[in-house]
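# Coordinate analysis (summary)
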Amino acid sequence: MPRGPPLCQHADPQVFRPAPHIENVRYAIRNIALEAARVEAEGKRVLYCNIGDPLRFDFATPPHLVEAVARAMRDGHNGYAASAGVLAARTAVANDAQARGMAKVTPGDVFITAGVSEAIDLLLTATLEPGDEVLLPCPGYPLYDAIAARLHAKAVAYHPDEANGWQPDAREVESRVTPRTRALVVCNPNNPTGATYSRETLAALLDVARRHRLLVLADEIYDRLLYGGTHVPMGTLADGVAIAMLNGLSKAYLCPGWRVGWLAFVNPELTRELARAVQRLADARLCGPAPVQHAVQPALFGPQGHLAEVMAKLTPRRDLMVKRLNAIPGIRCVSPSGAFYALPRLELPGLTSDEEFVLKLLREEGVLFVHGEGFGQAPGTHHFRVVFLPPEGVLGEAFERLAGFVSRWASR
Ligand code: PLP
C-alpha cells in the first residue's frame, strides 16, 4: 500500500509536525479503500468485499428504529444528553444484560458511547499507563492497537489457533502475561475471523484474567449474528473478574452511522474506581450523539424480525464463500460461525506479502479485500479478509475473478 512519507519527516520546517506516536496508528480497512477509489476513478468497476457496513449492501435500518430517532428529534431531544447517556438507553442495556444472566448490571453501570469505538477508547484510556501492556487477539480488530499506540501502551499479541477453528488458547494467552499486563481483549464473535468461542474457551480465558487481575474487555458487537449455535456472553461466566461488556447498534441493528454503542460493567463491585475514571473521561467529552440513543430501548426490546431476515441473506452467502474459496488451490477458508467476515489463508508460490496480493488483485481484477497484515497474523502466514455482505451475484463474480487471478499467480 503506498503509505506516503512518514508523517513526521517533512523536509519543510514550515510544515506543522504532528506527534510522532501517530506513526503507529494504522487502519488498513479504510486505507485500502482509498486505493480502490483510485482504481474506480480510472474507470474500472470495483467489487467491494472489504467493509463491514451492511448498509452498503441490500440491508436497511429497521423502520421502527428510524421512527424512534425521528420522534426523539421532533420531541426536542436535540441538546446535550447526560455524559453517561440517556437514562432510557442505559436502563434498556442493563435490563437486557440482566435478562441474559448478568444480574448485577444496573443502569448506573452502563455508559452509552459514540459506537463501541468510543467505548474501547474510554476503557483503554482509563486503564493503561504508558508502558502498560494489553493482550490483543492477533489477527484482531485494529482499533485496539491504534488506541494502545496513542496511549504509549504496548499491544501484546495472542494468536487464536487457525487449525482449531481460530479458538484462542488460554495457556498461550497466559504465557504472554507480564507484571505490566493490565487488560485482555476478547472479541466474540470475532472480526476478522468470524469465529465464535466455546464456553470452555471463554471460561479458561476468564480464569487467566481472574488469577492475574486483568480487566477483560468483552467485545460482543456481533453477538446476534450467528450461523446456528449460541453465543455465550462472557459476563455470565465472569465471577470475580473485572470485566466490561461492549456492544452497540451498528451491526445487528443496521445503523453504523448513528454511532451508538455502550460499555457495561458486569461485576461493578470490582470496577468502581475504573467506572469513576470512565465517568471523568465521559464528562470531558460532554456526551455521545443524543437523539440516536432513543433507539436503544426499541432496538433491544422491540421487534427483532429483521435479524432473521439478515441471517437468511447471510447464511447462503457464507456457504457460497466457503465453498468457492476452498475450491481454489492455494486458498483455505475456515467456515465462520458468526459475524460477516472470514479470513482465508493464502499458500501460494512466491507470495511474500498479502498486502501486495490484495493490491494486485484490486488493480488487475477490481476486487477489493483487506490484506491479513492489516489485522496482524502469525509470522510467516498470509491471509485476506472477506466481508460476505454483498449479494451472491457479486460474491460469485468476485470469487470467479479471484480464482482467475490465483491461477495466473501460480503459473507466474
Ligand atoms: N469492535 C469490533 C470487533 C468491530 O468489528 C467494530 C467495527 O467494525 C467495532 C468494534 C466498532 O463498532 P462501532 O461502529 O460500534 O464503533
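Scroll up to find the structure this text is about.
In short, a report on the structure.

Attention now moves to the sheet that holds strand β14 (residues 384-387). Read from one edge of the open sheet, three strands run β10-β14-β13, paired in antiparallel fashion. Of all strands in the sheet, those with a lone pairing partner are β10 (341-342) and β13 (370-371), marking the two edges. As defined by bridge partners, β13 adjoins β14 across two bridges and the pair is classed as antiparallel. Note that in β14 the partner of Val370 across the bridge is Arg385.

Moving on, we come to the site of the ligand. Near the ligand lie 13 residues; those nearest to it are Val116, Ser117, Asp219, Tyr222 and Arg259. For the ligand, an oxygen atom lies 2.7 Å from a polar atom in the backbone of Val116. One nitrogen or oxygen atom from the side chain of Asp219 is found 2.7 Å from a nitrogen atom belonging to the ligand. The dominant element in the shell around the ligand, judged by the number of residues it contributes, is helix α4 (residues 115-127), at three residues.

This paragraph deals with the sheet that holds strand β3 (residues 133-137). Taken together, the seven strands give an open sheet; going across it, the order is β2-β8-β7-β6-β5-β3-β4, and neighbouring strands pair in mixed fashion. At either margin of the open sheet sits one strand with a lone partner, and together these are β2 (110-113) and β4 (154-158). The mean angle between the axes of side-by-side strands here comes to 20 degrees, regardless of whether they run parallel or antiparallel. Two elements, β2 and strand β8 (residues 261-265), share four bridges in a ladder whose sense is antiparallel. Bridge pairing links Ile112 to Trp262 in β8. Each of β2, β3, β5 (181-187), β6 (215-219), β7 (243-248) and β8 is contacted by α4, which is oriented at about 160 degrees to β7, the strand it contacts most.

Let us now look at helix α7 (residues 199-212). Over its 14 residues, α7 extends 20 Å from the first C-alpha to the last, a length consistent with the 20 Å expected when each residue adds 1.5 Å. Where α7 is buried, its residues touch α6 (170-175), β5, β6 and β7. Within two residues after α7, Arg213 carries a phi angle of roughly 50 degrees, on the positive side.

This next bit is on the environment of Glu200. Structurally, the position occupied by Glu200 is in helix α7. Along the primary structure Glu200 and Ala170 are separated by 30 residues, whereas in three dimensions their C-alpha atoms are 9.9 Å apart.

One pass over the structure, following the stated rule, counts 32 salt bridges. Two residues, Asp223 and Arg224, come together in a salt bridge whose shortest N-O distance is 3.7 Å. Each member of the salt-bridge network shares a partner with another, and the members are Asp96, Arg100, Asp223 and Arg224.

The rules behind the values
- Residues numbered from 1 in each chain as written.
- Predicted model: local features only at pLDDT ≥ 70, side-chain atom pairs only at ≥ 80, totals over all residues.
- Heavy atoms only, no water.
- Pairing = 2+ DSSP bridges.
- Helix = DSSP H or I, 4+ residues; strand = E, 2+ residues; numbered from the N terminus.
- Near = heavy atom within 4 Å.
- Polar contact = N/O pair within 3.5 Å; in protein donor to acceptor, adjacent residues only side chain to side chain.
- Axes fitted to C-alpha atoms, helices over the stretch in contact; angles between N-to-C directions.
- Contact = heavy atoms within 4.5 Å.
- Expected span 1.5 Å × (residues − 1).
- Salt bridge = Lys/Arg side-chain N within 4 Å of Asp/Glu carboxyl O.

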